[in-house]
Each structure stands twice: as structure tokens, then as C-alpha cells.
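Survey of secondary and tertiary structure
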Amino acid sequence: MLHRIEVVTKKGFLDAEGQAIKQSIVDLNLGKVDDVRVVKVYKLEGIEDEKSLRDIAEKLLAEKLWQDYAIDCSVVASESQVVEIALKPGVMDTEIDSVMRAVADLGIEGLKAAGTGKRYVFEGDIVDEQVQKIAEQLLMNKTVQYILQKPEETLVIGSAPA
């Protein structure tokens, strides 16, 4: 089964990437946003026990002092506009090799595949068409990335979804 671990900067701490995106949206007159939050998404396949997933989140992926995480649910509870960007299949995810090694170094077995992505949460007066334009102009490189319309069911090539 594919699990998602989402990591976000806690409220009250500076989300520098989110603030830079917000300023770019204003500068390029792409919409009126009050806030942008950036959520790092880690997708892990092959690990089935909750304790191992929690250990990975707490020991590898999130800094407890200034980041929150959630496993298999959204870390940001919001009715806002959201877009998720992921790498296209076949594009090398340079972060994953480090994640795979670090999981093995923790003594956690079973990780078959992993991937990453980012979710962008927009607060303010903004509609779908504006989010699409922001994603295409600011957030992604269309050559290697795409807007994820629905969560993947598997990362393992040749696997049939359960």
C-alpha cells in the first residue's frame, strides 16, 4: 500500500517558500492571496506498520520544533484552493535515494519505492483558473512535472492497484 507523509511549517513560523510564492503572485498580478503554505509530500510504498511510518516522519522527514506532519491525511485542514505538483513518471527524484538509505539506516525494512511532491495551499480570493495559471507559471517545470489530479495508488512499476 502507498502511504503519504505530509510535512508543513507550523503556524507561527516563517514559511519562506510560501511567502516568496505569495509575493510573486502579487508581483505578477496572478491573483489575490492572503497566504500560501507549502506542504512537502513523501510517498512511501511497502511499509505497512504505523510505528515505522511515525518513526520515518519524526526521525527523518520533519523537524518537530518548527514542522508538523500527518500520515495518510492532509496536514493542512483548509477549505482553500490546493494544487499538488509531482514529477512525471521516469523523471529521477534526487531526494529519494537519500530517503531510501536513511530509512534503511533506521533499520526499517520493506520500503519498495518512494516519491516526493509538493502541495500548495492558497488562502484568499482565488479561483481554479488562477491556481492553474500560478502552477504553470510559478510552481512547475512542465517538462518534468505535472499537476497531480488524484493521488497515485502505487509507485512500483508493473504493480496493479489493489
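Refer to the structure printed above.
Analysis parameters
- Residues numbered from 1 in each chain as written.
- Predicted model: local features only at pLDDT ≥ 70, side-chain atom pairs only at ≥ 80, totals over all residues.
- Heavy atoms only, no water.
- Helix = DSSP H or I, 4+ residues; strand = E, 2+ residues; numbered from the N terminus.
- Rg over C-alpha atoms; globule rule 2.2 N^0.38 Å.
- Contact = heavy atoms within 4.5 Å.
- Lys, Arg positive; Asp, Glu negative; His and termini not counted.
- Charge placed at Lys NZ, Arg CZ, Asp CG, Glu CD.
- Patch = residues over 30% accessible without salt bridge, like charges linked within 9 Å, V, L, I, M, F, W, Y side chains within 5 Å.
- Areas by Shrake-Rupley, 256 points an atom, 1.4 Å probe, with all protein chains shown as cover.
- Salt bridge = Lys/Arg side-chain N within 4 Å of Asp/Glu carboxyl O.
- Buried < 20%, exposed > 50% of the residue type's maximum accessible area, 1.4 Å probe, protein only.
- Pairing = 2+ DSSP bridges.
- Axes fitted to C-alpha atoms, helices over the stretch in contact; angles between N-to-C directions.

1. A closer look at the overall build of the protein
Along its length, the protein carries 4 helices and 6 strands. Reading the protein from its N terminus to its C terminus gives the helix and strand order β-α-β-α-β-β-α-β-α-β. The C-alpha radius of gyration of the protein comes to 16 Å, within 12% of the 15 Å expected for a compact globule of 162 residues. Principal-axis analysis of the C-alpha atoms places the extent of the protein at approximately 50 × 35 × 25 Å. When contacts within the protein are restricted to residue pairs at least 6 apart in sequence, long-range pairs at least 24 apart make up 80% of them. Seen as two clouds, the 20 positive and the 29 negative side-chain charges of the protein have centres 2 Å apart.

2. Some details on unusual backbone geometry
With a phi angle near 55 degrees, Asn29 is a residue other than glycine that sits in the positive phi range. Along the chain, Asn29 falls in the loop between helix H1 (16-27) and strand E2 (32-45).

3. Quick word on a negative patch on the surface
A cluster of acidic residues, Glu48, Asp49, Glu50 and Asp72, forms a negative patch on the protein surface. With respect to the helices and strands, the residue Glu50 is situated in helix H2 (residues 50-61). Glu50 sits in the partly exposed class, given a relative accessible area of 43%.

4. Re the sheet that holds strand E3 (residues 67-71)
An order of E3-E1-E2-E5-E4-E6 is seen for the 6 strands of this open sheet, with the pairing classed as antiparallel. Strands with a single pairing partner mark the edges of an open sheet, and in this sheet they are E3 and strand E6 (145-147). Averaged over all pairs of adjacent strands, the angle between strand axes in this sheet comes to 25 degrees, irrespective of strand direction. Bridge count for strand E4 (residues 81-87) against E6 is 3 bridges, and the pairing is antiparallel. By the bridge assignment, Ala86 is partnered in E6 with Tyr146. Relative to the sheet, H1 contacts E2 and strand E5 (113-125), its axis offset from that of E2 by approximately 135 degrees. Across the sheet, H2 lies against strand E1 (2-9), E2 and E3, angled at about 160 degrees from E3, the strand it touches most.

Note that every value here comes from positions in space, so none of it alone points to a role or purpose.
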